[in-house]
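# Analysis of the macromolecular model
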Amino acid sequence: MNSAVEPVRAVGRAPLMRVRSASAPAPGREVNEDVVFRFGSLVGVLDGATVPEGFDTGCVHGPEWYVRHLAARIGLAEAARPTASLMSNLAAAILAVRADHGGDCDLDHPGTPSSTVCLLREGGDQADYLVLCDSPLVLDAGGRISVVSDDRLDRAMADLRETVAAVPAGAMADRMTRFRRAVGLQRERMNKTHGYWVAAADPDAAYHAVTGTVPLHGPGALRRAALLSDGASSAVEQFGLVDWPGLLDLLSTEGPGALIDQVRTAERDLADRLRRHKSVDDASVVLCEFGPGRSGA
């Protein structure tokens, strides 16, 4: 498990932003298809889409390559245009990674590498955020806990399950055949108006993200924020180990690594609560805590 504690002295009137993070591959796997990163005042979590065994992608690169290139390109976009919107910089990053692929990849293939995106950027008087696909952001602003999520993939998957279930059993006799059918239908709905949106090869996806701002001063000021891959948010959304306020409290007191440890235990002991096809998943957490600036921080 990779973890980090990074106090950041914010510029100008902004409060001190303390960043702690942890990221771990799924048990039994050496490759982590998640990435956590910080570039100055920007923090992010990317969760690459695992390619099911036996499926083509039209690409010589995998999810791990994609998320690392996308993270780097987001950082470069932010450095070049620090006042641009997160949507605009994400679009620029997706376009740049498209060029990084080179000429050996079919970027119009429905299985082309893709990733969720969760970003938070401190901007002096406010923090900007962006959520694309199922990596949620949990905010504690003015003592009120809220969750920024993009549930279009969940809605698309619910529709797909109904579609697959409606097919006569004789047409798809075994579980694997049904699974392959569901994956094929999911790919057809990626980055489509009535489907779901994710970072892949089409920069237009960035403009379908969920975005907003939170004040950093006053009674409604942001105190804490947690960026999560779905492998970490499963602590709440699937296993019910804690609620969202409890998750933030756990992260604040015991750190991001403790949350991942609890998820690993639940994946082993509470497998009946899983709603995903994978029994274990990569898990990543970034916790940002905001407070008064201090000299020497």
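Reference entry: report on the structure contained in this document.

Parameters at a glance
- Residues numbered from 1 in each chain as written.
- Predicted model: local features only at pLDDT ≥ 70, side-chain atom pairs only at ≥ 80, totals over all residues.
- Heavy atoms only, no water.
- Helix = DSSP H or I, 4+ residues; strand = E, 2+ residues; numbered from the N terminus.
- Buried < 20%, exposed > 50% of the residue type's maximum accessible area, 1.4 Å probe, protein only.
- Contact = heavy atoms within 4.5 Å.
- Areas by Shrake-Rupley, 256 points an atom, 1.4 Å probe, with all protein chains shown as cover.
- Axes fitted to C-alpha atoms, helices over the stretch in contact; angles between N-to-C directions.
- Parallel < 35°, antiparallel > 145°, perpendicular 65-115°, else oblique.
- Nonpolar A, V, L, I, M, F, W, Y, C, P; charged D, E, K, R; others polar.
- Lys, Arg positive; Asp, Glu negative; His and termini not counted.
- Salt bridge = Lys/Arg side-chain N within 4 Å of Asp/Glu carboxyl O.
- Polar contact = N/O pair within 3.5 Å; in protein donor to acceptor, adjacent residues only side chain to side chain.
- Phe/Tyr/Trp six-rings, centres within 6.5 Å; stacked < 30°, edge-to-face > 60°.
- Core = buried A, V, L, I, M, F, W, Y, C linked by side-chain atoms within 4.5 Å.
- Pairing = 2+ DSSP bridges.

### Focus on the overall build of the chain
A tally of helices and strands in the chain yields 7 helices and 11 strands. Out of the 297 residues belonging to the chain, those deemed buried represent 52%. Contacts spanning at least 24 positions in sequence make up 69% of the contacts within the chain whose residues lie at least 6 apart. Total accessible area computed for the chain in this model is approximately 13,300 Å², and 50% of it derives from carbon and sulfur atoms.

### As for the packing of helix 6 (residues 244-254) against helix 7 (residues 256-269)
Viewed as axis vectors pointing N to C, helix 6 and helix 7 meet at an angle of 125 degrees, and their least axial separation amounts to 6 Å. On the basis of their axis angle, the class for helix 6 and helix 7 is oblique. Between helix 6 and helix 7, the residues in contact are L247, L250, L251 and E254 and P256, A258, L259 and Q262, respectively. Partitioned by chemical class, the residues of the contact of helix 6 with helix 7 number 6 nonpolar, 1 polar and 1 charged.

### Looking at the side chain of D34
Residue placement: D34 occurs in strand 3 (residues 34-39). In this structure, D34 is buried with no salt-bridge partner, the nearest side chain bearing the opposite charge being R264 at 7.2 Å. A polar contact is formed between the side chain of D34 and the backbone nitrogen of A283, at a distance of 3.5 Å. At 3.0 Å, the side chain of D34 and the side chain of S284 are in polar contact.

### Some details on the packing of aromatic side chains
Applying the stated rule across the entire model yields 1 aromatic pair. Centre to centre, the rings of F37 and F39 are 5.3 Å apart; their planes meet at 40 degrees, and the pair counts as tilted. Judged by its relative accessible area of 9%, F37 is buried. By relative accessible area, which is 36% here, F39 ends up partly exposed.

### Some remarks on the pattern of salt bridges
Close approach of charged atoms allows side chains with opposite charge to pair. Summed over all chains, the structure comprises 13 salt bridges. Note that D100 is salt-bridged to R73, the shortest N-O span being 2.7 Å. Placement of the pair is D100 in helix 2 (residues 86-100) and R73 in helix 1 (residues 63-80), with a sequence separation of 27 residues. We note a salt bridge from E267 to R264, for which the minimum N-O separation is 2.9 Å. Of this pair, E267 and R264 both sit in helix 7, 3 residues apart, roughly one helical turn.

### Details of the nonpolar core
L46, L70, I74, L90, V117 and L130 are the most contacted members of the largest nonpolar core, which has 26 residues in total. Residue contacts for I74: discarding those within four places in its chain leaves F37, L42, L46, L90, A93 and L119. Counting 23 residues, the second-largest nonpolar core is a separate cluster that includes V138, A232, L248 and A258.

### Structural notes on the side chain of R264
For R264, a relative accessible area of 16% corresponds to the buried category. At 2.9 Å, the side chain of R264 and the side chain of E267 are in polar contact. Not counting chain neighbours up to four residues away, the residues in contact with R264 comprise A24, P25, A26, P27, D281, D282 and A283.

### A word on the pairing of strand 8 (residues 144-148)
Here 5 bridges tie strand 7 (residues 137-141) to strand 8, and the two strands are oriented antiparallel to one another. Residue pairing across strands places A141 opposite R144, the latter belonging to strand 8. Connecting the antiparallel pair strand 7 and strand 8 is a turn made up of 2 residues, with G142 showing a positive phi of about 60 degrees.

Distances and angles like these do not, on their own, reveal function.
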